[in-house]
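Coordinate analysis (summary)
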Amino acid sequence: MSEYSIVGRRLPKVNAWAHLTGAARYADDIDLPRMLHGRLLRSTRPHARIERLDVTRALAHPGVVAIVTGADMPEKMGIMPSTQDETALAVGKVRYVGEPVAAVAALDEDAAYEALALIDVEYEDLEPIFTIEAALEREDVKIHDEARRANVFKEVHLSFGDLDAGFAAADHVRDEWFFFEGTTHAPIESHAAVASYGADGKLTLWSSTQVPHYLHRELEKVLGLPRSRIRVIATPNGGAFGGKSDPFGHEFSAALLSMRTRRPVKITLDREEVFYAHRGRHPVKMRVKTGVKRDGEITAVELNSYLDGGAYASYGIATTYYTGALLTVTYRIPAYKFDGVRVYTNKPPCGPKRGHGTTQPRYAFECQLDKIAADLGLDPIAYRQRILQPPNSRTVNDLRITTMGLGECLGAVRTATGWDRKRGELPRGKGIGVAGSAYISGAGLPIYWNDMPHSGAEIRIDRGGGVTVMCGTSEIGQGSDNVLAAIAAETLGVYPEDVHVVSGDTSLAPVDLGSYSSRVTMMAGNATKSAATALREKLFAVASEKLGVPAERLAAAYRRIYDLGAPERYVGFVEAANLAEARYGTLVGAGSYKPPAGIGGSYKGAGVGPTPAYSYQAAVAEVSVDLETGQLTVERITTAHDCGRALNPVNVEGQVEGSAYMGYGEAVLEEQVFRGGLHKKPSLLDYKLPTSLDTPALQAVLVETVDSEGPYGAKEAGEGPLNPVIPAIANAVYDAIGVRFDETPITAEKILDALGKRDNRAAPKDRIGPDGLGDGRRDPGRALRRLGASTEARERKRAGTT
Amino acid sequence: MLRLPRFRYVAPGSLDEAIRLRAEHPDTSMYVAGGTDLYPKMKRRQLQPELVIGLGRATSAAIANGQGLRLGAGATLTAISEHPTVRERYGALADAAGLVSTPQLRNMGTIGGNVCLDTRCNWYDQSLFWRTAEGYCMKTHGDVVCRVAPSSPRCLAVASADTVPALIALGAVVRLAGPGGEREVSLADCYREDGIRYLTLAPGEVVVEIALPPADGWHSTYLKLRDRGSFDFPIAGVAAAVRWDGRAVAEARVAITALGSRPLAVDAGALVGTRLDDDAIATVADAVHRAARPMDNTSGTISQRKRTARVFAERALRSLRARG
Amino acid sequence: MTKEMLTIRVNGETRTVAVEPHHTLLEVLREELGLTGTKHGCELGECGACTVLVDGVPVLSCLTLPAQLGQAEVTTVEGLATGTELHPLQTAFAEEGAAQCGYCTPGMLLSAKALLDETLVPTHDEMAQAISGNLCRCTGYTAIYEAIGRAAARMRKTSEERRTR
């Protein structure tokens, strides 16, 4: 029998019932008296100066109440304080098609829509930049004047260990380019916000946001309203996946329109607008060079990444670092060099999508490892298992590893899929492939520099035994409310149904940094556990007295506090709570959490990558390829995931399956692509989310390593399991048809091309992928060397002046 | 939320009344059946009729056996795809109707609406905002070039109805009603190679009924290429029907869609008198390949769609060999 | 433009409301009748989030004009329970974790109900077909199949018990 009463049990989520009866109130479901309805006017130009913006005609529309433009909110904002380059609405210049320019509030949405056509805008077009290559080279065109070199947003150069010696010691080196196409989150709920500013001078903003706390800060900055007068409430998000973790123009616009009209204002994006809001997966070109000994032991890895960031910063600094930081935590790498560049282009801004920045290099690296295994005649699973980074170790880039279940994960997928039976034994057109990966359980550092906790929780016990957990987390469907309820219930010895969760409300709940970077279970979970433990001590003190048993011999479960030595001797939870309240006063416990020190290095850039504990995962994909039409069918994906401990296996499996689904979509169907600056497919018909008839059979296997950093041993589950799926599919396609797919997505057209079956093109290929930047004929290192040189010069200059 | 523009909706109780209303407002009214094609286009402001004339009460939804099969224009795609006679004797139609979009859409969409489905194009099936950013196209603005091929004298939007090639392969005849009275035409003659004026129907004409000839000895099938298992329109579609006389093919029809602006019957004469041998199939598959003229204005690519059209023609015909 | 009176049967109740003639069933349900359980993800028939039942048949409320409904009975997620008793699908979705963010869930439940109204022994393929018009971005559909299967089993058991009683 489990040592726990709640943890590890397959229980329904505490918030499931509202979802299943239509009672859950998402942001767009909110309807307030006198509420106005807003819509945003968006730029039709990819890069242009706004010459004239005249709202006179629109204001004359009988349904229109107020209009705001960029001039009303000129303050720069953005999620990362060090790179704030956005305004709520465009000021002076537009940088992508779909950028918000003005916002209308009207009596109903019909009128707001009609009014958009009555706003007169004149643009003076500027030359746009659409590719990584042009962004790197065009000094004469500046998307942002602040960019020092061409249109480079950020460059990163890190080196660890003796790279030259590493490659010199290698018996075999692979050096090749990969491309990962951009994709977007496409949550089924589009973004929505309702703002209400009252005569008391206070603003309440309900929003489908993952980051109520960061939004709170930015609202203060942009609106000039003290944060003490702003309340942000994160409504249940109808899916988010990273797409709702920036502050957005519609949120500020709703707020300002409400301040101007003293009426509630709602702005809900339509589907097309969600594609423009984006902040999705960066398209990344990568060069990966890996040296290995004859037995496959890695001697050195060099990675260059070029990120197409779109028009604004978003999380771009973190994304850039993440393309390099986590490559080291899976397999032993004694020497590692990473150079990353993120550029601006005139497209919707890219940002964090599930797996944030790690998905693209993981794809490239796991594909390359598969090639190395093939080169050396090694079984891809056995090979990976042999070169694992050990648990309780530090990587070459000084990341601290605690538990490390990748080996078990690889073993689990080997068994679950009958790998040994299938690998190399399948007929042409059928294939099986594997990949491993890792992810963080929350970022080691907050987005803005401070010494305060990353997460705080408050728990109150009422006189009827009801337990209320208050925490600033945002419930985005990942099950965070349930994690908090389960941890509080386990610790206090009650049932989840006794627990009320108040989350995402900046007035009612202590700060949690938000539902991003897979941090909630680790950080809010630990904060909740610590708050509950503080309360439990009070309950145990009074129970100990009542039962005449020392507190160390007490346990709490099933609404009882009982003697471990004689479980029939107990105090009921309600009685214990009443006794404790009589003795200590109102029963409120507070807990907070901050990642431990010493989990990362101290070099510049060491802030991205460390986490209290890494999750690990392995996936096996089984595919079949129609050799005549090029249609790729992914039949099954089996993912094993080291989640530390499954607080609720149903929910962890759900995260693993959902990740596999999303990875499948990115590998085969989805692409956020543009023709010029215009999105090619901004609809759910054209941007292909996998349907029930496409999605492979998905199997999740949970591996529990019980990490002492996590609450009850838990690590993350929401993002890591996506990462191995995409390379596993690419590797399976290789097994099926002998073609390496070094770029995503793997489409029928590309397969036909590789098979030599495209019309008028007979020569088969053994690889589909880029050969470098641009057309590949240029020296791929040139742009990077130029950037590297400039960085060094700048660093020297900076060092000299300080 | 993306909403419909303001308009007036009427649902006349008779066909005569519907036709009269349409004639009274020739430039500002449109018919609607299931609404699954029109309403999204209205929301995207591709079409903005002031008066929408609902045909639900004016047309029949009956599927009647008799001399062949008669499909009321209002019959839903679900009703057709699940109808026992259709499934048993008009396989291509059951396949095609059952492959349209999604269950919900098939519950709403009608056969009359599907055969009149507007042609589709990546540059046209976009919101007003998107098209404003692009600068519009020939299909909505006569003075603008075709975005697919700027030198094209005509609109290259793509015929995208799944049921049409199936119906053509099955020899369907359409009964039309309009201001000039009723007439019957072969369905294959209802289309022209023009993305804008893609139907040959006279102004105000309505599809009332689709008649299928008796299916004795016929076997048919429809294969659809699309990216996903549901939602998607075809990016290549091939229907094939053969009538067996003893062990040889007595009659054969092959039709394609989504490979040009009109659905097209392809010469399948090479199959007659054969047992659907590989050579005969290859000849017809070549003809399909030649007839397929995809442009870069749908999902997928030109070469993939053209190639798959040939492969699907072969596969469709081979599957009918087994049923001979 | 002026509103028109509309009488509509929803979840067993007859309601009369004034509506704009160009507003869809989705808009009327959410904005006039307060039935915000019906969701929307595209308003173009491309996601299935707005699925409701009309006389038991799943349709897209975003592409339905209320004027077309006549006497037809509309069922939304709010009408899925019988009195205080949840539909077995609702319970099974909770138990199997078939609702993550919950946003596609109302439409998904109604598509699943239409399937179980037809058969209580659905095959995997029938389940996949039945929900092929409802995009879910969270689950990968796996838990949804498990939930539908579980609800079907429970409903079979209930109907057998009724028969033997």
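Residues numbered from 1 in each chain as written. Chains lettered and ligands numbered in written order. Predicted model: local features only at pLDDT ≥ 70, side-chain atom pairs only at ≥ 80, totals over all residues. Heavy atoms only, no water.

**Describing the overall build of chain B**
Here is the rule: Secondary structure follows DSSP: runs of H or I at least 4 residues long count as helices, runs of E at least 2 residues long count as strands, and numbering of each begins at the N terminus. Both definitions apply: the radius of gyration is a C-alpha atom measure, and the globule rule equals 2.2 Å times residues to the power 0.38. Accessible area is worked out with a 1.4 Å probe on protein chains only. A residue is then buried under 20% of its type maximum, exposed over 50%, and partly exposed in between. In this tally, Lys and Arg are treated as positive and Asp and Glu as negative; His is ignored, and so are the chain termini. All charge positions are set by atom: Lys at NZ, Arg at CZ, Asp at CG, Glu at CD.
Assigned secondary structure in chain B consists of 11 helices and 12 strands. The C-alpha atoms of chain B give 19 Å as radius of gyration, which agrees with the globular expectation for 324 residues (20 Å, within 12%). Expressed as a percentage of its 324 residues, the buried residues of chain B come to 61%. The positive charge centre, built from 41 side chains, and the negative charge centre, built from 33, are 4 Å apart in chain B.

**Side note on the overall build of chain C**
Keep this limit in mind: Contact criterion: two residues are considered in contact whenever any of their non-hydrogen atoms come within 4.5 Å of each other. A 1.4 Å probe and the Shrake-Rupley method give the accessible areas. Residues count as covered only by the protein chains that appear here.
In terms of helices and strands, chain C carries five helices and five strands. Each helix and strand of chain C, ordered N terminal to C terminal, gives the series β-β-α-β-β-β-α-α-α-α. A globule of 165 residues ought to have a C-alpha radius of gyration of about 15 Å, and chain C, at 16 Å, matches this closely. Considering only C-alpha atoms, chain C reaches an extent of 55 × 40 × 25 Å along its principal axes. Counting only residues that meet the buried cut, chain C has 64% of its 165 residues in that class. Look at the contacts in chain C between residues 6 or more apart in sequence, and 53% of them connect residues 24 or more apart. Summed over all atoms, the accessible surface of chain C reaches about 5,900 Å², with 49% contributed by carbon and sulfur. Charged side chains in chain C number 14 positive and 21 negative. The centres of these two groups are separated by 8 Å.

**A look at the domain arrangement of chain B**
Residue and element names in this part refer to chain B. Selection criterion: In this document the domain limits rely on a domain assignment from an automatic tool or a database. Simply put, the buried area is the total loss of 1.4 Å probe accessible area from both parts when two parts are fitted together. By salt bridge we mean one thing: a side-chain nitrogen of Lys or Arg within 4 Å of a carboxyl oxygen of Asp or Glu. Under this definition, polar contacts are N or O atom pairs within 3.5 Å; protein pairs additionally need one hydrogen-donor-capable and one acceptor-capable atom, and for neighbouring residues in sequence, both atoms have to be side-chain atoms.
Domain boundaries assigned for chain B yield domain 1 (1-58) and domain 2 (63-116 + 158-321). Computed from C-alpha coordinates alone, the two centres of domain 1 and domain 2 are separated by 26 Å. Taken together, the contacts link eight residues of domain 1 with 11 residues of domain 2. Here domain 1 and domain 2 share an interface that buries about 780 Å² over both sides, 78% of which is from carbon and sulfur atoms. Counting the surface domain 1 buries against domain 2, the share from its top three residues, Leu15, Ile19 and Thr36, is 52%. Put simply, domain 1 and domain 2 have zero salt bridges between them. Run the count over domain 1 and domain 2 and you get one residue pair in polar contact (both at pLDDT 80 or more). For the side of domain 1 that touches domain 2, the element with the highest residue contribution is helix α1 (residues 15-24), accounting for three residues.

**Notes on the interface of chain C and chain B**
In plain terms, the rule: Throughout this entry, Asp, Glu, Lys and Arg are counted as charged residues, while Ala, Val, Leu, Ile, Met, Phe, Trp, Tyr, Cys and Pro are counted as nonpolar. The remaining residues, Gly among them, count as polar.
Counting from both sides, the interface comprises 35 residues of chain C and, opposite them, 25 residues of chain B. At the boundary of chain C with chain B, total buried surface from both sides reaches about 2,500 Å², with 61% on carbon and sulfur atoms. On the chain C side of the contact with chain B, His22, Leu44 and Leu63 of chain C bury the most area, a combined 24% of that side's loss. In this structure, the connection of chain C to chain B is made through three salt bridges. Only α1 (25-32), β4 (57-60) and α4 (124-130) of chain C provide two or more residues apiece to the side of chain C that touches chain B. Of the residues belonging to the side of chain C that touches chain B, the class tally is 15 nonpolar, 14 polar and six charged.

**Side note on the interface of chain C and chain A**
In this assembly, 45 residues from chain C lie in contact with 50 residues from chain A. Carbon and sulfur atoms make up 56% of the surface buried where chain C meets chain A, a total of about 3,600 Å² over both sides. Here chain C is connected to chain A by four salt bridges. The partner of Glu670 of chain A in a salt bridge is Arg137 of chain C, and the shortest N-O contact between them spans 2.8 Å. The interface formed by chain C and chain A holds 28 residue pairs in polar contact (both at pLDDT 80 or more) in total.

**Brief notes about empty space enclosed by the protein**
Applied cut-off: Cavities and pockets are defined on a 1 Å grid built over the protein atoms alone: a cavity is a set of grid points where a 1.4 Å probe fits but cannot escape, while a pocket is an open set with protein on both sides within 12 Å along at least five of seven lines, and lining residues are those with an atom within 4 Å of any such point. Grid points are joined across faces, edges and corners, and a volume is the space filled by probe spheres set on the points.
Applying the stated rule across the entire model yields 13 cavities of 30 Å³ or more. Roughly 220 Å³ of volume is contained in the largest cavity. Looking at the largest cavity, it is lined by 19 residues, and the ones nearest its centre are Asp686 of chain A together with Arg120, Phe233, Thr298 and Ser299 of chain B. Considering only residue class, the lining of the largest cavity consists of six nonpolar, six polar and seven charged. Taken as a whole, the second largest cavity encloses approximately 120 Å³ of empty space. For the second largest cavity, the lining is made up of 18 residues, of which Glu86, Tyr96, Pro100, Gly249 and Arg279 of chain A are closest to its centre. The set of elements that each furnish at least two residues to the lining of the second largest cavity consists of β1 (36-42) and α7 (249-261) of chain A.

**Some thoughts on the packing of aromatic side chains**
Residues and elements named next belong to chain A. Note the threshold: Classification of ring pairs rests on two measures: the distance between centres of Phe, Tyr or Trp rings, Trp counted by its six-membered ring, which must be within 6.5 Å, and the angle between planes, read as stacked under 30 degrees, edge-to-face over 60 and tilted in between.
Counting across every chain of the model gives 18 aromatic pairs over all chains. Ring geometry for Tyr4 and Tyr712: centres 5.1 Å apart, planes at 80 degrees, overall edge-to-face. Taken together, the residues span a long stretch of sequence, with Tyr4 in the segment before α1 (16-21) and Tyr712 in the loop between β30 (697-703) and α18 (725-737) at a distance of 708 residues. Of the two residues, Tyr4 and Tyr712, both sit in the buried class.

**A closer look at the pattern of salt bridges**
Taken as a whole and assessed by the stated rule, the structure comprises 104 salt bridges over all chains. Residue Asp29 of chain A is joined to Lys39 of chain C by a salt bridge in which the shortest nitrogen-to-oxygen separation is 2.4 Å. Taken together, the positions of Asp29 of chain A in the loop between α1 and β1 and Lys39 of chain C in the loop between α1 and β3 (51-54) put the pair across two chains. In this structure, Asp29 of chain A and Lys39 of chain C share a single accessibility class: buried. Between Arg583 of chain A and Glu545 of chain A there is a salt bridge; the shortest N-O distance is 2.6 Å. Within this pair, whereas Arg583 of chain A is found in helix α16 (residues 573-584), its partner Glu545 of chain A is found in helix α15 (residues 520-547), the two being separated by 38 residues in sequence. With relative accessibility at 42%, the residue Arg583 of chain A sits in the partly exposed group. A cluster of three or more residues bridged by salt bridges with shared partners is formed by Arg39, Arg42, Glu109, Asp270 and Glu273 of chain A, Arg3 of chain B together with Glu27 and Glu31 of chain C.

**Let's talk about the sheet that holds strand β5 (residues 73-75) of chain C**
All names here are of chain C. The condition that has to hold: A pair of strands is considered paired only if DSSP assigns at least 2 bridges between the two. Where helices are involved, their axes are fitted lines through C-alpha atoms of the stretch in contact, as for all axes, and angles between N-to-C directions lie from 0 to 180°.
Strands sit in the order β2-β1-β5-β3-β4 across an open sheet of five strands; the sheet is mixed. A single partner strand is all that each edge strand has here, and the edge strands are β2 (13-19) and β4. Going from strand to strand, the sheet's axes swing by 45 degrees on average, the running direction of each strand aside. Pairing geometry for β3 and β5, over two bridges, is antiparallel. Along β5, the bridge assignment pairs Leu53 with Thr75. Against the sheet, α1 engages β1 (4-10), β2, β3 and β5, with an angle of about 100 degrees to β2. Against the sheet, helix α3 (residues 105-118) contacts β3, β4 and β5, and its axis sits at roughly 35 degrees relative to β3.

**What about the side chain of Thr611 of chain A?**
Residue and element names in this part refer to chain A. Along the chain, Thr611 falls in the loop between β25 (588-593) and β26 (614-625). A polar side-chain atom of Thr611 sits 2.9 Å from the main-chain amide nitrogen of Ser441. With sequence-adjacent residues up to four places away left out, Thr611 is seen in contact with Arg400, Ile440, Ser441, Gly442, Gly444 and Ile599.

**Concerning the environment of Asp270 of chain A**
With respect to the element layout, Asp270 of chain A can be found in the loop between β12 (265-268) and α8 (271-277). Its relative accessible area of 6% is what places Asp270 of chain A among the buried residues. Along the sequence, Asp270 of chain A and Lys93 of chain A sit 177 residues apart, while their C-alpha atoms lie 24 Å from each other. Beyond its immediate stretch of four places on either side in the chain, Asp270 of chain A contacts Arg39 and Ser190 of chain A, Met1 and Leu2 of chain B together with Glu43 of chain C.

**Some thoughts on the domain arrangement of chain C**
Residues and elements named next belong to chain C. Along its sequence, chain C is organised into domain 1 (4-79) and domain 2 (88-164). Placing a centre on the C-alpha atoms of domain 1 and another on those of domain 2 gives a separation of 22 Å. The partner domain 2 presents 12 residues to the 15 residues of domain 1 that form the contact. At the boundary of domain 1 with domain 2, total buried surface from both sides reaches about 1,000 Å², with 65% on carbon and sulfur atoms. Where domain 1 packs against domain 2, one counts zero salt bridges. Counting across the interface, domain 1 meets domain 2 through four residue pairs in polar contact (both at pLDDT 80 or more). The residue inventory of the side of domain 1 that touches domain 2, partitioned by class, reads six nonpolar, seven polar and two charged.

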